[in-house]
Structure formats: structure tokens, C-alpha cells
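A look at the structure
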Amino acid sequence: MAVYRTSPDPPEDDDRQLPIPADQVQNPQAGNPQWKAPSGFKMPSMDSVKDFFSGGINNLMDDIVVALGSENIYVASREHPEPAAFASYIAVSKANGQVIALGEKARAMMGREPQNIEVIPLLHHGVPENPDLFGSFVQRVIKKHFSRMVRPRILCSGNFNSPLLKQVCSEGLSQVRCRDILFCEPEIAAAVGLGLDILEPSLKSVLVFEKDWMGFMVISLTGSLTKVRLNIGFDHMLEDIQIYFEESNDFSPREEDLVQQFRTSGFTGNQNLIGWEAWVDQVERGKPVTLQADSMEYQKAVTPTLLRVKHAVNKSLQALTREQRYTVQTTPTYLAGEFAELPGFKELLERVFGREFRIGKNPRQTMASGLVALIPNIDVLRAINGGEAQEVDF
């Protein structure tokens, strides 16, 4: 193919372009003696140009994963596979709705915010309540930490019990200007994140435990044989412990102290709780006191709630055959979620359920890690969803 340039000395009435001789194309100085190549200049090869337009564009159109836990939203991508946790809180101005802070900064303002600022939790039972605020949150996170991407695909997991909840989430994610939205069950994402092969026909059971919800699923060949979701989680166990001490010890623990101690020690060891004596009347509390709580009291307090979970799980297993129920009950159940690693929680579940539980290395990030692993296998994800995907056009 001929390469053209303007002639150095064309006639005044001649504006035609003349072909450069082939022996001058590889040497720019031959065509223009005044031209000097910059120091270190090297003509790009055709392979490098192809790499730019293939790999470069693909990197700009990377895939984003968004795992909705309860207290945190985990975001990762194929290029940045290590999930980043963002506290699911946003602070907005009451006057004009402008975003003041988000993530950990917004959570730190909770209870100490000025009168003109409102701190709003983005998730309730693992799903966004306000799609606009949720979409603004995700959009800002992606813009700040994944700014090179253009129209990414989004893989999302959360406690979506109905198509309406998926629609609410889709409305928020659509603000990101993505080209496709796909959903994945949190238990399946957790199974992949734990390293389980969901393509095998063997049965696998997964329990996801979060702040205000939990989910249980039996998986085989990428599909769900049975599942159950309950709005029971860490918060409900805290309420059980508070009620237990108020009724049995005439002691009302301070909520902040109880949360901190429970997160740190869980169901192990003895804990010194700060609180008050029983209420003197309906107006004021008794005097401040300190109570040494034994871990067995914690376990006794939350056992009724865990028995409710066990009953719901066993009821869901009735949909399986006898052989399948036997397999599930005699094989380990895998534990994931933000509060799955509470000290002593796994052992307490084993005593209540009467079966073995296993926990991964980092259960908080298990769902997000599983979504990242599913990125190269979008067809598998579509098969899991029955071909379902939310197409977004702009």
C-alpha cells in the first residue's frame, strides 16, 4: 500500500500528494532532511499496536465484582483480584442531598454527626434500600479505585430473595454506566471462593452468616437443590445476650462495650462487661457496675436463636431425597460471611447442629473472591442464573 506525504516544493497551483519511495518509508530522515528523531525514538511495531488495541481495550473494559455483605461492600476486579472492603455507610447533607462522606469516614460519624448531616446505612438484610444512594456509592468507589475502566460488566451477589430486590439493586448499579449486570447467589459465590468445584455432581452445603441475615444452600452441578434465607444474624445474637443478662443477672450491659467484647472474644473465655444494675424504674437506670461474663453464658443466651436456624435448615432439607439428606448431614458444611470467624462460633454451631463445619482462610472476602474467580467463566454464571442477565443500554 502506498504511503503519501506532501511534496517539499510543490508548484503554487499544484496541491497533489506524491507517493514516498519505498526505500524512504523506513527512514523518516530520507524524506525530510530537516527532521531529527528524538533521543530514544523507536518506531512502534505492528505487534505492539495490536496488543494496545486488544489487551489495552480489554483492560479498560474490565469486569467489576460487588459483593453485598451487611456491614461492608466488597469490590474487586480481574485486574485487582484482592477484594477491597468499604463500610456500607454514606453521609449526606439534609439541605441538598450532597454526599459528604462515604465508607469508613461516614461510619465514624454515626452518632456524632451534626444536625445538618444524616448518616445512612446502605444495606438492610444484605440488600440496598435506597437505589440512588447505593448507585452513587458504588459509582464513587469505582471512579476512585478503578478509574481506568470504561463500561464494565458488574457481577453482584447479595441477599436477593425476590426479583424486586434484584431490580432495586439493578437501578442503583445502572448509574455506573455498565454494559451488563449479572447476579450470583451468595452461597454459590462463597463456594467458589472456598475453592469448591461447583461443576462436580457431589453435594456441597454452605452457610453464610452476616450481621442481619443468613443463608443456607445445598449445591450440585452449579445449581441449588434447596436453600433457605432468614433475617437472623449477629445483631440478633447481641439482642439475645442483652435480654439474657437483664433477666438472669439483673444487669444491663452497655451496648458499645458488649459489641466490642463480643467481636473480640466471641464465645470463648471470660469477659468483663460494663453496664448498669437493673432499672430502678422506667425512667432511670441503676448504678454503673462491672460484670464478669462467662463464655458459657453467651452460648446459652444465643442457643434458642441458633435452634431456629437449625429448624429452618432441616426443614429445607426435606425437599431432598433420603440419600441426599444423609449425604448433607454426614459431610462438612462450609461457613462463610463477615461474622463467620467469631471466636468459638464454629464450635458452637457444631454442637447445636450435630455436624462438622469448616471455615475458609478469610470468610469475610469469600463471596467477592468467588465472584472474581467466576469472571473468566461468564457462561457458567449465566447457566447458574438460568441465562438471566440485566442488559443495560445508554
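First things first, this report covers the structure right here in the doc. (Residues numbered from 1 in each chain as written. Predicted model: local features only at pLDDT ≥ 70, side-chain atom pairs only at ≥ 80, totals over all residues. Heavy atoms only, no water.)

1. Quick look at the nonpolar core
The biggest cluster of nonpolar side chains holds 40 residues, and the ones touching the most others in it are Met 237, Phe 262, Tyr 298 and Phe 345. Listing elements by their share of this core, those giving two or more residues are β13 (204-209), β14 (214-220), α8 (234-248), α9 (255-265), α10 (295-316) and α12 (345-353). With 7 residues, α10 is the largest single contributor of residues to this core. Ranked by size, the runner-up nonpolar core spans 28 residues in total, among them Val 138, Val 141, Val 176 and Phe 183. (Core = buried A, V, L, I, M, F, W, Y, C linked by side-chain atoms within 4.5 Å. Buried < 20%, exposed > 50% of the residue type's maximum accessible area, 1.4 Å probe, protein only. Helix = DSSP H or I, 4+ residues; strand = E, 2+ residues; numbered from the N terminus.)

2. Overview of the pairing of strand β4 (residues 72-77)
Most of β4 is tucked away, with 6 of its 6 residues classed as buried. Side chains of β4 alternate between two faces, with Asn 72, Tyr 74 and Ala 76 and Ile 73, Val 75 and Ser 77 buried alike. In terms of strand pairing, strand β3 (residues 63-68) meets β4 through 5 bridges, oriented antiparallel. Paired with Val 65 across the bridge in β4 is Ala 76. Joining the antiparallel neighbours β3 and β4 is a turn of 3 residues. Two strands pair when backbone bridges link them, and β4 and strand β5 (residues 84-87) are joined in this way by 4 bridges, in the antiparallel orientation. Pairing of Tyr 74 across the sheet is with Ala 85, part of β5. Linking β4 to β5, which pair antiparallel, is a turn of 6 residues. (Pairing = 2+ DSSP bridges.)

3. Side note on the packing of aromatic side chains
What the rule picks out here adds up to 10 aromatic pairs. On the basis of an interplanar angle of 70 degrees and a centroid distance of 6.0 Å, the ring pair of Phe 245 and Tyr 298 is categorised as edge-to-face. Here the residue Phe 245 occupies a position in helix α8, and Tyr 298 occupies one in helix α10, the gap between them amounting to 53 residues. Taken individually, Phe 245 and Tyr 298 each receive the classification buried, so the pair is uniform in this respect. Linked through ring pairs, Phe 209, Phe 234, Tyr 244, Phe 245, Phe 262, Phe 267, Tyr 298, Phe 339 and Phe 345 together constitute an aromatic cluster. (Phe/Tyr/Trp six-rings, centres within 6.5 Å; stacked < 30°, edge-to-face > 60°.)

4. Quick look at the side chain of Ser 77
Looking at the element boundaries, Ser 77 is found in strand β4. The buried category is assigned to Ser 77, whose relative accessible area is 0%. Looking at Ser 77, its side chain comes within polar contact range of the main-chain nitrogen of His 80, at 3.0 Å. (Polar contact = N/O pair within 3.5 Å; in protein donor to acceptor, adjacent residues only side chain to side chain.)

5. Focus: the sheet that holds strand β19 (residues 333-336)
Ordered in space as β15-β14-β13-β19-β20, the 5 strands form an open sheet in which the pairing is mixed. Looking at strand neighbours, the two that pair on one side only are β15 (223-230) and β20 (357-359), the edges of this open sheet. Recorded for the sheet is a direction-independent mean angle of 25 degrees between the axes of neighbouring strands. As defined by bridge partners, β13 adjoins β14 across 6 bridges and the pair is classed as antiparallel. (Axes fitted to C-alpha atoms, helices over the stretch in contact; angles between N-to-C directions.)

6. Focus on the side chain of Asn 159
Position of Asn 159 among the secondary structure elements: in the loop between β11 (153-157) and α6 (163-173). With a relative accessible area of 3%, Asn 159 lands in the buried category. Ignoring any residue separated from it by four or fewer positions in sequence, one finds Asn 159 in contact with His 125, Gly 126, Val 127, Leu 165, Trp 213, Arg 229 and Asn 231. (Contact = heavy atoms within 4.5 Å.)

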